[in-house]
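# A closer look at the structure
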Amino acid sequence: MINIKTPRTQLTLLEPEHAGLLLEYRLTNRDHLTPWEPLRSKGFYTLERCEHQLTEQYKSFEEGSGFQLTALTPDRKEIIGLCNFNNVVHGAFQACHLGYSISKKYQGQGLMQEIVSAGMDYIFQEAKLHRIMANYIPDNHRSAALLKKLGFEVEGRARSYLKIAGKWQDHILTSRINPADH
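Because the structure is a prediction, the values reported are computed rather than measured.

Let's shift gears to the overall build of the chain. Tallying secondary structure elements over the chain gives five helices and eight strands in all. Listing the helices and strands of the chain from first to last along the sequence gives β-β-α-α-α-β-β-β-α-β-α-β-β. For 182 residues, the compact-globule estimate of 2.2 N^0.38 gives 16 Å, and the chain sits close to it at 16 Å. Counting only C-alpha atoms, the chain reaches 40 × 35 × 30 Å along its principal axes. Relative to its 182 residues, the chain shows a buried fraction of 46%.

This is the structure in structure tokens:
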């Protein structure tokens, strides 16, 4: 089990019985996150889908193929944001992709940097991965600034990379190497 305390949050693997918290986060932030995510079906915004996703996240964690962290308020009653390390590849690559989101209510307070930084420490120190990759839409200036603050380096631009908000969009490709591997 993961339980990482930061000055203002607690990062954990959310358990399926707390699917209501995830559903509340999704519903409350639907309009806020829509421009930066794939199109979502109506089923995405159901308790059953949240329970299923949280069950799958535990399997991913146990297999070492993904680490989906939920940042909770200190009283554990509300989700501040999500910090996911997905598509983990072991062997010679030792890398993953980073994805994240923050509740509109908590945006602009430096919390995403705090959350992602703590998650990265876990991935580098405990999971022993070598590379974390993060990609963002060129117009997402907040993500660009966050990744720069976190030490990610731009590696290029991928044309028509992901279908976000219903259309294929270019992405800026970045990565950060485990400091222990330098």
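On to the sheet that holds strand E8 (residues 167-177), then. What the eight strands build is an open sheet, ordered E1-E2-E3-E4-E5-E6-E8-E7; its pairing is mixed. Of all the strands in the sheet, the pair left with one neighbour each is strand E1 (3-5) and strand E7 (153-164). On average, each strand axis in the sheet is inclined to that of its neighbour by 25°, with strand direction left out of account. Looking at chain direction, E7 and E8 are connected through eight bridges and run antiparallel. Looking at the pairing, Val-154 lines up with Thr-174 of E8.

Here the focus is unusual backbone geometry. The residue Asn-87 is not glycine, and still its phi comes out positive at about 55°. Inspection of the secondary structure assignment puts Asn-87 in strand E4 (residues 79-89). For Asn-87, a relative accessible area of 52% puts it in the exposed group. Phi at Ala-165 is positive, roughly 55°, even though this residue is not glycine.

Our next topic: the nonpolar core. A general trend in soluble globular proteins is that nonpolar side chains are found buried together. In terms of nonpolar packing, the biggest core is built from 35 residues, with Phe-85, Leu-98 and Ile-132 touching the most fellow members. At the level of elements, helix H3 (47-63), strand E3 (67-72), E4, strand E5 (95-102), helix H4 (111-125), strand E6 (131-136) and helix H5 (141-149) are the ones that each hand at least two residues to this core. For this core, the leading source of residues is H4, giving nine residues. Apart from residues no more than four positions distant in its own chain, Phe-85 is found in contact with Gly-66, Phe-67, Leu-69, Cys-96, His-97, Leu-98, Val-116, Gly-119, Met-120, Ile-123 and Ile-132.

The next point concerns helix H1 (residues 19-28). For H1, the complete set of buried residues consists of Ala-19, Leu-21, Leu-22, Leu-23, Tyr-25 and Arg-26. Contact partners of the buried residues in H1: helix H2 (30-33), H3, E3, E4 and E5.

With that settled, consider the pairing of E6. Of all six residues making up E6, five are buried, and the element is well covered by its neighbours. When E5 meets E6, the two strands line up parallel, connected through three bridges. For Cys-96, the partnering residue across the bridge sits in E6 and is Ile-132. Running through H4, the crossover from E5 to the neighbouring parallel element E6 is right-handed. Of the strand pairs in this sheet, E6 and E8 are connected by six bridges, and their pairing is antiparallel. Paired with Tyr-136 across the bridge in E8 is Ile-172.

Thresholds applied
Residues numbered from 1 in each chain as written. Predicted model: local features only at pLDDT ≥ 70, side-chain atom pairs only at ≥ 80, totals over all residues. Heavy atoms only, no water. Helix = DSSP H or I, 4+ residues; strand = E, 2+ residues; numbered from the N terminus. Rg over C-alpha atoms; globule rule 2.2 N^0.38 Å. Buried < 20%, exposed > 50% of the residue type's maximum accessible area, 1.4 Å probe, protein only. Pairing = 2+ DSSP bridges. Axes fitted to C-alpha atoms, helices over the stretch in contact; angles between N-to-C directions. Core = buried A, V, L, I, M, F, W, Y, C linked by side-chain atoms within 4.5 Å. Contact = heavy atoms within 4.5 Å. Right-handed = clockwise from strand over helix to strand, strands pointing away.

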